[in-house]
Amino acid sequence: MADEALFLLLHNEMVSGVYKSAEQGEVYVPGFLFHKEHHDLQENGRCITKLENMGFRVGQGLIESTVLLLVDLFRFTKDTARFKDELDIMKFICKDFWTTVFKKQIDNLRTNHQGIYVLQDNKFRLLTQMSAGKQYLEHASKYLAFTCGLIRGGLLNLGIKSIVTAEVSSMPACKFQVMIQKL
């Protein structure tokens, strides 16, 4: 439980730090330095992008660690940790990867079998600390950007290029939509 609390605190501080630096007039995006004269909407978009990029890199690293651990576990059996298809990879993300990060599996996985998957978490840990009031829905995107990047980075390291978006209709439930991009 201590590692979960640390992750929640770290995540909140990342979000706070990125937005605080934007309020002070600077948002660092590799290769660019933006100043306060830009509109708040643009700054919000840049902050979301920065958080998503941070999650992307963490997702790549977590997949490397998780897959290596699974390969070690199944090394002596015929049933190695190989994925048959895209759906198997998405099931891995929903079960093993999600459990590694959030200590629970995704509650629901749906697909149209045409490259679109919807992952539903009915009690998303990064939103449980926020009130369920509708006035907080507009702030939810800040707390979902990192996780969108986490999913996208993990999938890319498993050979799947994707676009990941998040939607919240009532807190703390959220849906992550993964659109697979064919290479």
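The structure presented is a predicted model; accordingly, all values stated were derived computationally and were not measured. (Residues numbered from 1 in each chain as written. Predicted model: local features only at pLDDT ≥ 70, side-chain atom pairs only at ≥ 80, totals over all residues. Heavy atoms only, no water.)

Caption draft 1: Geometry of helix H3 (residues 86-102). Taking 1.5 Å as the rise per residue, H3 with 17 residues should run 24 Å; its terminal C-alpha atoms sit 22 Å apart, in good agreement. Along H3, the positions that sit buried rather than exposed are Asp88, Ile89, Met90, Phe92, Ile93, Cys94, Phe97, Trp98, Val101 and Phe102. The positive-phi residue at the C-terminal boundary of H3 is lysine 103, with phi of around 65°. (Helix = DSSP H or I, 4+ residues; strand = E, 2+ residues; numbered from the N terminus. Expected span 1.5 Å × (residues − 1). Buried < 20%, exposed > 50% of the residue type's maximum accessible area, 1.4 Å probe, protein only.)

Caption draft 2: The pairing of strand E4 (residues 116-121), seen in detail. Only one face of E4 is buried: it carries Tyr117, Leu119 and Asp121, and the other face, with Ile116, Val118 and Gln120, is open. One ladder, built from four bridges, connects strand E3 (residues 108-111) with E4; its direction is antiparallel. Paired with threonine 111 across the bridge in E4 is tyrosine 117. From the end of E3 to the start of E4, which pair antiparallel, there are four residues, and histidine 113 there has a positive phi angle of about 60°. Sheet topology places E4 next to strand E6 (residues 174-181); six bridges connect them, and they run antiparallel. By the bridge assignment, valine 118 is partnered in E6 with glutamine 177. (Pairing = 2+ DSSP bridges.)

Caption draft 3: How the structure looks around the side chain of aspartate 121. With respect to the helices and strands, aspartate 121 occurs in strand E4. Engagement of the side chain of aspartate 121 in a polar contact is seen with the side chain of lysine 104, the distance being 2.8 Å. From its side chain, aspartate 121 meets the backbone nitrogen of lysine 123 in a polar contact 3.0 Å long. Beyond its immediate stretch of four places on either side in the chain, aspartate 121 contacts Trp98, Lys104, Ile106, Asp107, Pro172, Ala173 and Cys174. (Polar contact = N/O pair within 3.5 Å; in protein donor to acceptor, adjacent residues only side chain to side chain. Contact = heavy atoms within 4.5 Å.)

Caption draft 4: Inspection of the sheet that holds strand E5 (residues 161-167) at higher detail. Strand order in the open sheet formed by four strands is E3-E4-E6-E5, and the pairing between neighbours is antiparallel. On the outer flanks of this sheet lie E3 and E5, each paired with one strand and no other. Going from strand to strand, the sheet's axes swing by 20° on average, the running direction of each strand aside. Packing of H3 onto the sheet brings it into contact with E3, E4 and E6, and relative to E4 it is tilted by some 15°. Each of E5 and E6 is contacted by helix H4 (residues 140-157), which is oriented at about 155° to E5, the strand it contacts most. (Axes fitted to C-alpha atoms, helices over the stretch in contact; angles between N-to-C directions.)

Caption draft 5: Geometry of the pairing of E6. The side-chain alternation of E6 yields one buried face, formed by Cys174, Phe176, Val178 and Ile180, and one unburied face, formed by Lys175, Gln177, Met179 and Gln181. Relative to E6, E5 runs antiparallel, the two being bridged by seven bridges. Paired with threonine 165 across the two strands is glutamine 177, which belongs to E6. Linking two consecutive strands that pair antiparallel, namely E5 and E6, is a turn of six residues.

Caption draft 6: Representation of the environment of methionine 14 within the structure. Residue placement: methionine 14 occurs in helix H1 (residues 2-23). Sequence separation of methionine 14 and methionine 54 is 40 residues, and the distance between their C-alpha atoms is 9.4 Å. Not counting the four nearest positions on each side in its chain, methionine 14 is found in contact with Leu51, Met54 and Phe146.

Caption draft 7: Summary view of unusual backbone geometry. Each neighbour pair has its own omega, and for methionine 171 with proline 172 the value is 0°, a cis peptide bond. Mapped onto the fold, proline 172 is located in the loop between E5 and E6. For lysine 103, which is not glycine, the phi dihedral falls at a positive 65°. Secondary-structure assignment places lysine 103 in the loop between H3 and E3.

Caption draft 8: Region of the structure containing the packing of H3 against H4. Packing of H3 against H4 leaves a shortest axis separation of 11 Å and a crossing angle of 130°. One finds that H3 runs oblique with respect to H4. As for the relative orientation of H3 and H4, their crossing is right-handed in sense. Judged by residue contacts, Ile89, Met90, Ile93, Phe97, Trp98, Val101 and Phe102 of H3 engage Thr147, Leu150, Ile151 and Leu155 from H4. Classifying every residue of the contact of H3 with H4 by side-chain character gives 10 nonpolar, one polar and no charged. (Parallel < 35°, antiparallel > 145°, perpendicular 65-115°, else oblique. Left-handed = near helix turned anticlockwise from the far one by under 90°. Nonpolar A, V, L, I, M, F, W, Y, C, P; charged D, E, K, R; others polar.)

So far we have only geometry, and geometry alone does not tell us how the molecule works.
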